[in-house]
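# Examining the three-dimensional arrangement
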Amino acid sequence: MSGAAARAPVPTWLATGAGRETAIAARLAAASPAGAAVSRVVILEGMPTGLSPLADLADTSPSVQVLRIAPGCLHCSGNLVLRVTLNRVLRHPPQQLYIGLASAEHLELFRDFLQAAPYAALLDLQADLAA
């Protein structure tokens, strides 16, 4: 990257379990510094069931963007859609990224995918959120 300043990898959390949206919403609410606009993106696998705590948060906080990907294992069937979504998000990287998986079945394979090029240099994977 000649001429371009290197940027820090985006802190990224993977969330699994039935309560993943609630866990992410709680984390976003707790991580909101008073008066600071921190850009945060949430990528969720699947459609919302009932009232999503993230929908309310995205409506009230302009710094939170919630993107949904059709249901299906993001490691297996959704890989292309996820790549396109991630690439779009990372063009203008947020300060925090959360990815909610419907199932933890392939969590380690998905984590390996994110730790390989090109995402290894762009994402800083944090401890998983299990809900």
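Everything that follows concerns the structure shown earlier in this document.
All values reported here derive from a predicted model rather than from experimental measurement. (Residues numbered from 1 in each chain as written. Predicted model: local features only at pLDDT ≥ 70, side-chain atom pairs only at ≥ 80, totals over all residues. Heavy atoms only, no water.)

For the rest of this paragraph, the subject is the overall build of the protein chain. Helix and strand content of the protein chain: 4 helices and 6 strands. Starting at the N terminus, the α and β elements of the protein chain follow one another as β-α-β-α-β-α-β-α-β-β. Relative to its 131 residues, the protein chain shows a buried fraction of 38%. Taking the intrachain contacts of the protein chain between residues at least 6 apart in sequence as the baseline, contacts between residues at least 24 apart amount to 76%. Summed over its atoms, the accessible surface of the protein chain is roughly 7100 Å², and 58% of this surface lies on carbon and sulfur atoms. (Helix = DSSP H or I, 4+ residues; strand = E, 2+ residues; numbered from the N terminus. Buried < 20%, exposed > 50% of the residue type's maximum accessible area, 1.4 Å probe, protein only. Contact = heavy atoms within 4.5 Å. Areas by Shrake-Rupley, 256 points an atom, 1.4 Å probe, with all protein chains shown as cover.)

So, on to the pattern of salt bridges. Using the criterion set out here, one finds 2 salt bridges in the structure. Between glutamate 21 and arginine 68 there is a salt bridge, with the nearest N and O atoms lying 2.9 Å from each other. Pair noted here: glutamate 21 is in helix H1 (residues 20-30) and arginine 68 is in strand S3 (residues 64-69), with a separation of 47 residues, a long-range link. Overall, arginine 68 belongs to the partly exposed group, its relative accessible area being 27%. Taking the shortest distance from any N to any O, the salt bridge between arginine 111 and aspartate 128 comes out at 2.5 Å. Here the residue arginine 111 occupies a position in helix H4 (residues 107-114), and aspartate 128 occupies one in the loop between strand S5 (123-125) and strand S6 (129-130), the gap between them amounting to 17 residues. (Salt bridge = Lys/Arg side-chain N within 4 Å of Asp/Glu carboxyl O.)

Within the span of H1, buried status applies to Arg20, Glu21, Ile24, Ala25 and Leu28. Down the axis of H1, the buried set is contained in an arc of 130°. They therefore lie on one face. Structural note: H1 exposes Thr22, Ala29 and Ala30 on the side pointing more than 90 degrees away from its buried face. (Arc of directions from axis to C-beta.)

Moving on to the packing of aromatic side chains. The tally for this structure, following the rule as stated, stands at 3 aromatic pairs. When the centroid spacing of 4.8 Å and the interplanar angle of 15° are considered together, the rings of tryptophan 13 and tyrosine 98 count as stacked. In this pair, tryptophan 13 sits in strand S1 (residues 10-16) while tyrosine 98 sits in strand S4 (residues 96-101), placing the two residues 85 residues apart along the sequence. When its relative accessible area of 8% is taken as the criterion, tryptophan 13 is described as buried. The class for tyrosine 98 is buried, based on a relative accessible area of 1%. For the ring pair phenylalanine 113 and tyrosine 119, a centre distance of 5.6 Å and an interplane angle of 55° mean the geometry is tilted. A single burial state applies to phenylalanine 113 and to tyrosine 119, both of which are buried. An aromatic cluster of at least three residues, connected via ring pairs, comprises Phe110, Phe113 and Tyr119. (Phe/Tyr/Trp six-rings, centres within 6.5 Å; stacked < 30°, edge-to-face > 60°.)

To continue, consider unusual backbone geometry. Note the cis peptide between alanine 117 and proline 118, where omega equals 0°. Mapped onto the elements, proline 118 comes out in the loop between H4 and S5.

Just distances and angles here, no functional claims.
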